[in-house]
Amino acid sequence: MASNSPDNETPSERPSKRRRVAIACDACRTRKSRCDGKRPSCSLCQDLGFECVYTPPPTAANVIVQKDYLHGLEDRVKRLEESFGAVRGDLDGLVKRVDHGPERERDRESAMSGRNYGESQDETRIAATMPGLIGTEDSVDGMGAVIFADEEDSGFFGPSSNIAFLRHLSSAIVQPGYFPSPGAAEGGFVNASRPSSPLRQAGQNQRVQVNIFALPPQANTLELIERYFSNTGLLFPYIYPPVFLETYHQMTRENFSRVRRTWLGLLNMVLAMATITAIPGSASADARIEESDVFYQRGLGLCGSEILRGTTLEVVQYLLLMGQYLQGTQKSIQAWTVHGLAVKAALQLGLHSRHASKLFSPIEQEMRKRTWYGCVVLDRTLSMTFGRPAAIPDSYVKLELPTKREFENSTGLVDDETAALSVAFFNATIGLYKQLWNILELLYGQNIGCDGPLPVSETVAHIFSLEQHLFSWERSLIHPLQLISLANINDLPHDQMSSNSQYLSLKFQVILTLRYLNLRVLLHRPILVKFITASRSPDRDPQDMRLLQQIGMNSLQICADSAMEIIDIVHRVLSEPGWKRNLLGAWWFSLYYTFNAALVLIGVSWVYRDSSLTNSPMTDQASKARQYPGRAVAALSRLDEGNRLIDRCRYYLEQFSKVLNDSGQSPFPRLRVTEIILTLVYPETNFDASTTTLPALHGTRAGLTGDDFSLSPFGMELGEFMMDGDLVTMMDRQGLLPVDPDSAFTA
């Protein structure tokens, strides 16, 4: 039928020109895509599932409003009126039920019981008018972090955490007999009393909202992708580089017209991880954190509502990578919660099941298996550092280990030799963390926090058995992954390795060695705790003390040697500028290993100061251990300049080192230690610990509030390292803090 429009042309005439769109939508304008101007949503936004918003420019005052746009507005008003009527009807019904009491409600339920489920008009109306409430109710604050209720309660930190060990050490140093029962220091709730959203210091810029659909230029994006797959992607190879790159290139060829939100979220988490794990010194710590946080916000904005509606392998990888990222940014509550989502999604997909994976292609089977083991490794790491029960029991881990398959295609990012070495390293980590599970189960009660301390004899027997398992694991390592010593690192050439495989082999050796030594410290730390407990116990069991002195001294020595070797390796690698600094893994793991080792050596020095505990004078090795907290401080000062979390941990170690190296007084004067601990909590206050009255202290229990430790994007939560609030609580209960009704510190 011919149209009356004068612009219409017959088929014989030339094709009509494309109608010019007066205003393009915001999404198309940002992406520089051709918008067809349809209202209320253009075709491209409908295909991509984006929210379509038209923002007229300032000069568009005289733009003619299209009829379809007016019709759209009329439809929206009509739907709003219907929704309002439905809500009003629900309210009227509620009023009637309240007026007629519970009997009328029971009669109504009886009348409804004969109908099929889902036929209630009230339920249907609510579902139709408020579809956004169906599924998830995730909320995201302006900083791109999920809001958690009562976030000031940091939660349970059990026996394997540094916080539990610090409780033992602090209670012995400050006031023996503080804990009423032997197991009270084994773990419990730690309340940091910090605000739910970190307060910003004056002069700091507030974080701005980001465009979740934006990406860096293609060259920058490819550079970050390459950085990820040459670092984190090799340590945890659960994302297949060829498929990932092909998806990205296809997305750019099609101008983002067919791309999944979950894949875009995964891409942003890859970019965030590549940015935050960049080599310290390449950019300031604050700059790296801010840049990576933008990618994190985009990933969370894209997938925040998708992760609870359904799941795919892509979603599990996204959650797994987000958990690793949050662990690095010290958001312990979010890291723990996101990891739980990843584990549940993996179980829902059947990644743990050999039978469930048979339906997929060989490459998909391999990626599913590696993703499952990625969840297992992160689960063991978080269980160890936070001192909480693992989410994946060892009985769930039954799949065969990952392998380098012949069908895996090499890319310009990863060659065949590197891919094979990466899988071998991943398998070695899985085997080592199998031993970690055994240590947590036998010596730390799986961090359940219900059982009392093990007897000395049983502890020693478990340690001896677990040492044999660790020795078997060490012997099973292939040649390119064998553990490395400090002497081997000292003999390395100053020039970088000519072969990339040689360099990666060396990096894998260093990381595996640090993981192994940290695990060995964790294995022998219960003996150190028993010595510390005995030091503050007036009625020591003679039989336990004889057993500790006869057998436990060797365990104490192994614990000290392993801790000193960790600090030596980190200090040596960081002492030389250039390529050797790249041999360490992510900076937060180096911080954790070093800080943990220094705390243990402080405990060893505390034990050796009393010859009645060890039944022997301080050995040369024990005397050497007293110098290592200062060596750890020197290593941390080189780890990442300007990183406030590292500076905070370094400050704690510096204060303890002052006590250890104070040769002018008798060993560990308790008054001096009390002063140091108060200084840790209140660095801005000058006081004399011998006085009974302290000046009124105002602020929050978040810890140090001086300019040196102003809040950063970390929020200054020490997470698995230690908690300031725990020290404050301990000082409160001992009556060492003033009772000031106007002070926020008052219990």
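Quantities reported herein were computed from a predicted structural model and do not represent experimental measurements.

**So, the overall build of the protein chain**
Item 1. Secondary structure assignment for the protein chain yields 26 helices and two strands.
Item 2. Each of the 747 residues in the protein chain was classed as buried or not, and the buried ones make up 50%.
Item 3. Sequence separation of 24 or more characterises 78% of the internal contacts of the protein chain that already satisfy a separation of 6 or more.

**Brief notes about the UniProt feature "domain: Zn(2)-C6 fungal-type" (unreviewed entry) in the protein chain**
Item 1. Here, the residues flagged by UniProt with the feature "domain: Zn(2)-C6 fungal-type" (unreviewed entry) are residues 24–54.
Item 2. Between the first and last C-alpha atoms of residues 24–54 the distance is 7 Å; the span itself is 39% helix and 0% strand.

**Topic: the packing of aromatic side chains**
Item 1. Following the criterion strictly, the structure yields 14 aromatic pairs and no others.
Item 2. Measuring from ring centre to ring centre gives 4.0 Å for Phe50 and Phe213, while their planes differ by 40 degrees; the resulting arrangement is tilted. Note that Phe50 is positioned in the loop between helix H2 (43–48) and helix H3 (67–112) and Phe213 in the loop between strand E2 (188–191) and helix H6 (218–229), a separation of 163 residues in sequence.
Item 3. We classify Phe50 as buried; its relative accessible area is 7%.
Item 4. Look at Phe213 and you get partly exposed, because its relative accessible area is 25%.
Item 5. A ring pair is formed by Trp588 and Phe589, whose centres lie 6.3 Å apart and whose planes are at 35 degrees; its orientation type is tilted.
Item 6. On the basis of relative accessibility, which here comes to 22%, the residue Phe589 falls in the partly exposed class.
Item 7. Grouping aromatic residues by their ring pairs yields a cluster made of Trp587, Trp588, Phe589, Tyr592 and Tyr593.

**Quick notes on the pattern of salt bridges**
Any two side chains of opposite charge can pair, given that their charged atoms come close.
Item 1. One pass over the full model with this rule turns up 18 salt bridges.
Item 2. The partner of Glu223 in a salt bridge is Arg227, with the nearest N and O atoms 3.9 Å apart. Of this pair, Glu223 and Arg227 both sit in helix H6, separated by four residues, roughly a single helical turn.
Item 3. Overall, the relative accessible area of 47% leaves Glu223 in the partly exposed class.
Item 4. Overlapping salt bridges bring together Arg354, Glu366, Lys369, Arg370 and Glu400 as one network.

**Thoughts on the side chain of Glu467**
Item 1. Take Glu467: it is sitting in helix H16 (residues 456–475).
Item 2. You can call Glu467 buried: its relative accessible area is 13%.
Item 3. Excluding residues within four positions of it along the chain, Glu467 makes contact with Arg520, Leu523, His524 and Ile558.

**Let's talk about the state of the cysteines**
Item 1. Counted according to the given criterion, the structure contains zero disulfides.
Item 2. Cys35 takes part in no disulfide bond, and the closest cysteine sulfur, belonging to Cys25, lies 4.0 Å away.
Item 3. Cys35 sits in the buried class, given a relative accessible area of 6%.

**Details of empty space enclosed by the protein**
Item 1. Scanning the model with the defined rule gives four cavities of 30 Å³ or more in all.
Item 2. Taken as a whole, the largest cavity holds about 270 Å³ of empty space.
Item 3. What lines the largest cavity is a set of 22 residues, among which Leu235, Phe236, Arg515, Ala586 and Phe589 lie closest to the centre.
Item 4. Elements with a minimum of two residues in the lining of the largest cavity: helix H7 (232–235), helix H11 (313–328), helix H14 (362–386), helix H18 (500–535) and helix H20 (587–608).
Item 5. Per-element tally for the lining of the largest cavity: the top contributor is H20, with four residues.
Item 6. Partitioning the lining of the largest cavity into residue classes produces 13 nonpolar, eight polar and one charged.

**Regarding the environment of Ile567**
Item 1. Here Ile567 shows up in helix H19 (residues 542–575).
Item 2. Given the relative accessible area of 0%, Ile567 is considered buried.
Item 3. It is 7.7 Å that separates the C-alpha atoms of Ile567 and Ala598, two residues lying 31 residues apart in sequence.
Item 4. When neighbours within four sequence positions are excluded, Ile567 is seen to be in contact with Thr594, Ala597, Ala598, Leu601, Tyr628, Arg631 and Ala632.

**Regarding helix H8 (residues 241–253)**
Item 1. Over its 13 residues, H8 extends 18 Å from the first C-alpha to the last, a length consistent with the 18 Å expected when each residue adds 1.5 Å.
Item 2. Buried within H8 we find Pro241, Pro242, Phe244, Leu245, Tyr248 and Met251.
Item 3. Looking at the buried side of H8, the elements it contacts are H6 and helix H9 (261–276).
Item 4. Two residues or fewer past H8, Asn255 is found with a positive phi of approximately 55 degrees.

**So, the UniProt feature "transmembrane region" (unreviewed entry) in the protein chain**
Item 1. When the UniProt feature table is mapped onto this chain, "transmembrane region" (unreviewed entry) is found at residues 586–608.
Item 2. Annotated as residues 586–608, this span is 96% helix and 0% strand, and its ends, taken at the C-alpha atoms, are 34 Å apart.

**As for the packing of H16 against H18**
Item 1. Between H16 and H18, whose axes approach to 10 Å, the crossing angle comes to 170 degrees. Classified by the angle between their axes, H16 and H18 sit roughly antiparallel to one another. The segment H16 lies against H18, with Val456, Thr459, Val460, Ile463, Leu466, Glu467, Leu470, Trp473 and Glu474 engaging Leu512, Tyr516, Leu519, Arg520, Leu523, His524, Pro526, Ile527 and Lys530.
Item 2. Taken together, the residues of the contact of H16 with H18 sort by class into 12 nonpolar, two polar and four charged.

**Here's the deal with the side chain of Arg368**
Item 1. For Arg368, the location among the structural elements is in helix H14.
Item 2. For Arg368, which is buried and forms no salt bridge, the nearest opposite charge comes from Glu364, at a distance of 7.8 Å.
Item 3. In this structure the side chain of Arg368 is engaged in a polar contact, spanning 3.0 Å, whose partner is the backbone oxygen of Leu349.
Item 4. When neighbours within four sequence positions are excluded, Arg368 is seen to be in contact with Leu313, Leu349, Gly350, Leu351, Ala356, Ser357 and Phe360.

**A closer look at the packing of helix H10 (residues 285–303) against H11**
Item 1. Their axes nearest at 12 Å, the elements H10 and H11 cross at an angle of 150 degrees. It follows from the interaxial angle that H10 and H11 lie roughly antiparallel. The handedness of the crossing between H10 and H11 comes out as left-handed. Mapping the contact onto sequence places Ile289, Ser292, Asp293, Tyr296, Gly299, Leu300 and Cys303 in H10 and Tyr318, Met322, Tyr325 and Leu326 in H11.
Item 2. Among the residues making up the contact of H10 with H11, the classes are represented as eight nonpolar, two polar and one charged.

**Re H6**
Item 1. With 12 residues, H6 should reach 16 Å at 1.5 Å per residue; the first-to-last C-alpha distance of 17 Å fits that figure.
Item 2. Buried residues belonging to H6 abut H7, H8, H9, H10 and H11.

**What to know about unusual backbone geometry**
Item 1. Cis geometry marks the peptide bond from Arg39 to Pro40, where omega comes out at 0 degrees.
Item 2. Inspection of the secondary structure puts Pro40 in the loop between helix H1 (26–31) and H2.
Item 3. Unusually for a residue other than glycine, Gln446 sits at a positive phi of about 55 degrees.
Item 4. Position of Gln446 relative to the elements: it lies in the loop between helix H15 (416–443) and H16.
Item 5. On the basis of relative accessible area, Gln446 is assigned to the buried category, the value being 11%.
Item 6. The phi dihedral of Asn447 falls on the positive side, at around 60 degrees, and the residue is not glycine.
Item 7. Position of Asn447 among the secondary structure elements: in the loop between H15 and H16.

Criteria and cut-off values
- Numbers given for residues are sequential positions, taken from 1 along each chain in its written order.
- Reporting of local features is limited, given that this is a predicted model, to residues whose pLDDT is at least 70; pairs of side-chain atoms are given and counted only at 80 or more, and all residues count toward the totals for whole chains, interfaces and linings.
- Derived side-chain values reflect all non-hydrogen atoms in the structure, with water molecules and hydrogen atoms excluded from consideration.
- Each helix corresponds to a stretch of at least 4 residues labelled H or I by DSSP, and each strand to a stretch of at least 2 residues labelled E; elements are numbered beginning at the N terminus.
- Relative accessibility decides the category of a residue: with a 1.4 Å probe and only protein chains considered, values under 20% of the type maximum give buried, values over 50% give exposed, and everything between is partly exposed.
- Throughout, a contact is declared for two residues whenever any of their heavy atoms are within 4.5 Å.
- UniProt positions are given in the numbering used here, feature names are shortened, and annotations may be inferred rather than shown by experiment.
- Pairing of aromatic rings covers Phe, Tyr and Trp, the last through its six-membered ring, and needs centres within 6.5 Å; plane angles under 30 degrees mean stacked, over 60 mean edge-to-face, and all others mean tilted.
- Should a side-chain nitrogen of Lys or Arg be within 4 Å of a carboxyl oxygen of Asp or Glu, the pair is scored as a salt bridge.
- Criterion for a disulfide: a pair of cysteine sulfur atoms at a distance within 2.5 Å.
- In this analysis, the protein atoms alone were mapped onto a 1 Å grid. Cavities are point sets where a 1.4 Å probe fits without being able to get out; pockets are open sets with protein on both sides within 12 Å along at least five of seven lines; lining residues have an atom within 4 Å of a point.
- Grid points are joined across faces, edges and corners, and a volume is the space filled by probe spheres set on the points.
- Three classes are used, and their members are as follows: Ala, Val, Leu, Ile, Met, Phe, Trp, Tyr, Cys and Pro are nonpolar, Asp, Glu, Lys and Arg are charged, and the others, Gly among them, are polar.
- Given the number of residues in a helix, its expected span is that number minus one, multiplied by 1.5 Å.
- All axes here are fitted lines through C-alpha atoms, helices being fitted over the stretch that makes contact, and every angle between N-to-C directions spans 0 to 180 degrees.
- Here the angle decides the label: under 35 degrees means roughly parallel, over 145 means roughly antiparallel, 65 to 115 means roughly perpendicular, and every other value means oblique.
- The positive count covers Lys and Arg only, the negative count covers Asp and Glu only, and His and the chain ends enter neither.
- Each polar contact in these results corresponds to two N or O atoms within 3.5 Å; when the atoms are within protein, one needs to be able to donate a hydrogen and the other to accept it, and residues that are neighboring in sequence are counted only if both atoms are side-chain atoms.
- Helix crossings fall into two classes, left-handed where the near helix is turned counterclockwise from the far one by less than a right angle and right-handed where it is turned clockwise.

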